[in-house]
Amino acid sequence: MHSIPGRRLIMGLFLIFLLLPIYWLVNMSFKTNSEIVSTMTLWPHTPTLQHYKRIFTDESWYSGYINSLEYVVLNTIISIAVALPAAYAFSRYRFLGDKHLFFWLLSNRMAPAAVYALPFFNLYSAIGLFDTPWAVALAHCIFNVPLAVWILEGFVSGVPREIDETAFLDGYSFPRFFIKILVPLIASGIGVAAFFCFMFSWVELLLARTLTSVQAKPIAAIMTRTVSAAGMDWGLLAAAGVLTIIPGALVIWFVRNYIARGFALGRV
Amino acid sequence: MDKTVNQKAWFLVLPVFLVVAFSAVLPLMTVVNYSMQDTFGNNQFFWNGVGWFKELLDPSTDLGGRFLASLGRNLFFSLAILAIEVPLGIVVALSMPREGWTVAACLVVLALPLLIPWNVVGTIWQIFGRPDIGLLGYVLNAMGFDYNYVSNDVDAWVTVIVMDVWHWTSLVALLCYAGLKSIPEAYYQAAQIDGASRWAVFKAIQLPKMNRVLLIAVLLRFMDSFMIYTEPFVVTGGGPGNSTTFVSIELVKIALGQFDLGKAAALSLVYNLIILIVCWIFYTVMTNAGVERKVQAESEPAVEPKPSAALKPVPALKPREGVA
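Residues numbered from 1 in each chain as written. Chains lettered and ligands numbered in written order. Predicted model: local features only at pLDDT ≥ 70, side-chain atom pairs only at ≥ 80, totals over all residues. Heavy atoms only, no water.

### Some thoughts on the pattern of salt bridges
Residue and element names in this part refer to chain B. In the structure shown here, the tally under the stated rule is seven salt bridges over all chains. Its salt-bridge partner being E250, residue R66 comes within 2.9 Å of it at the nearest N-O pair. With R66 in helix α3 (residues 62–94) and E250 in helix α11 (residues 247–257), this residue pair connects regions lying 184 residues apart in the sequence. With a closest N to O distance of 3.0 Å, D132 and R130 form a salt bridge. On the basis of relative accessible area, D132 is assigned to the partly exposed category, the value being 40%. Taken together, the shared-partner salt bridges connect D62, R66 and E250 into one network. (Salt bridge = Lys/Arg side-chain N within 4 Å of Asp/Glu carboxyl O. Helix = DSSP H or I, 4+ residues; strand = E, 2+ residues; numbered from the N terminus. Buried < 20%, exposed > 50% of the residue type's maximum accessible area, 1.4 Å probe, protein only.)

Shown next as structure tokens:
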């Protein structure tokens, strides 16, 4: 009754469709460049780790991963920290301009990064943050903060209001109530929101590339540069691509039980 | 549950307000400033009034022609991927296994494309589709199709659309799955007792329950496809010719490529305005749907089946796999 006829077949085909391009990338990352270009092989016949070795030993490559992780983590922390109290306010209180503010926030989640690339470049150059992880972390706030508010608001609304009232009657001050009672209650929601901030900051390239040049260059930008400069080092490109997938896959594994609810933004 | 009016809540919202205002309002002011001026380099600016906007909306000029053409392409792209991803996402959500380790496995695989950096998504498809070293391009050419996304418009479009379906259908599917999970078991049992067909169950129970999440899915997918940049840029670079140049690609070309600040700023503002309007329409529909649901729930609480009461006396109904 729940599901449809032939569901195993549909699911199987769809999963193959999802995995096949990824498999091809992984497959290529273990091939030598001559094997890639000269023959069409379904698996590496002369498997090699040379591409991975190059990435892990060459600082200009592996520093890209560190830079990326740096601004992603910074951004996640900032986003969650400012979004938590706001989510509580939107969920519990009515105040002047609340609906307009909520819509304004939401509209920033939808704003195209291409519009902001140039003004951000000017802004962060002017305040001396250009080419630091802070620039990218702050720039990514424009879409991650609204998203975090949106998700957390859904989760806070799921906590019965009686709990707040009881806590205040018991003499809890607001900050203490917030940290001791509310945050543990919506811990899974915070996890989900952090996951989404991580995800959207990790996958974004346009702003990250525009706001960095040397010191804080993200791995994604290093990849694009190498393609144009070195011409056709397909194996290295594939290996770098595979390594960018791994952090995401790890994060998914930790939040897999909350994924479905998280994607509905705490609103099911 | 009514919210209490409390103006002090503004203090809680203030940090968010400051952070987003810093990142959104300040840069936007620069854009407005640029959009009214012309520059010949050296930081010399000249007042140009609404000149750029006039040019932008006039298809006979170079700028206007490029903007309107890319806008048209982008709208077509957004509608095409919505038409594929929404039904496909629903079907995939309905095909999810019910329980056991396969659920977690499917969820992880489904979510995987969502966490790949966008340029790597582009790279994956760039490689996958190449006739010489990519599996897809190789197989298609071996089957007799003259497939080459670099030189053929149609092939480039198909590649970009299939890539987006690959990348984002999971989002729709996961949202729908979350909606489906929230349906109490008793609904299905009631439907079975009534002898409802599979299609009737979908139309009367599952689709209404997915309404809200589907709206979120359509909103997110429309917006994100409307500002798509990285993936098609990596795969086709906007070509062949201009055939897959979407609005963001055009904008970055003008802003960071030609450094035509005035034109780029005018384009940015119009682009942002379109997004704002669409966003507002969705938001209104969404809040109205929320209000309607609340009213409905309050007016007919007796109709809501009590899962605990309905579940207990019918353990015999459990093995219903064969019926489905």
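### Regarding the side chain of B:Q126
Position of B:Q126 relative to the elements: it lies in helix α5 (residues 118–129). When residues no more than four places from it in sequence are discounted, the contact partners of B:Q126 are A:W234, B:Y149, B:V234 and B:V235. (Contact = heavy atoms within 4.5 Å.)

### Regarding the interface of chain A and chain B
Facing the 98 residues of chain A at the interface are 113 residues of chain B. On inspection of chain A and its partner chain B, the count reaches one salt bridge. One salt bridge connects B:D224 with A:R109, and the closest N-O pair in it is separated by 3.4 Å. Linking chain A with chain B are eleven residue pairs in polar contact (both at pLDDT 80 or more), by the criterion used here. Of the residues forming the side of chain A that touches chain B, the biggest block, 15 residues, is contributed by helix α1 (residues 7–29) of chain A. Looking at the side of chain A that touches chain B, its residues break down into 76 nonpolar, eleven polar and eleven charged. (Polar contact = N/O pair within 3.5 Å; in protein donor to acceptor, adjacent residues only side chain to side chain. Nonpolar A, V, L, I, M, F, W, Y, C, P; charged D, E, K, R; others polar.)

### Observations regarding helix α7 (residues 153–181) of chain B
Residue and element names in this part refer to chain B. A rise of 1.5 Å per residue sets the reference length of α7, with its 29 residues, at 42 Å; its end C-alpha atoms lie 42 Å apart and thus fit the reference within 8%. By the criterion of burial, α7 is predominantly enclosed, with 24 of the 29 residues buried. The distance from a side-chain oxygen at the start of α7 to the backbone nitrogen of V154 is 2.8 Å, and the residue carrying that oxygen is N152. (Expected span 1.5 Å × (residues − 1).)

### Focus: the packing of α1(A) against α7(B)
For the pair α1(A) and α7(B), the least separation of the axes is 11 Å and the interaxial angle reads 115 degrees. Like other packed secondary-structure pairs, α1(A) and α7(B) cross with a definite hand, here left-handed. When α1(A) is examined against α7(B), the residues A:F14, A:F17, A:L18, A:P21 and A:I22 are found in contact with a partner set consisting of B:V162, B:V165, B:W166, B:T169 and B:S170. Class assignment for the residues of the contact of α1(A) with α7(B) results in eight nonpolar, two polar and no charged. (Axes fitted to C-alpha atoms, helices over the stretch in contact; angles between N-to-C directions. Left-handed = near helix turned anticlockwise from the far one by under 90°.)

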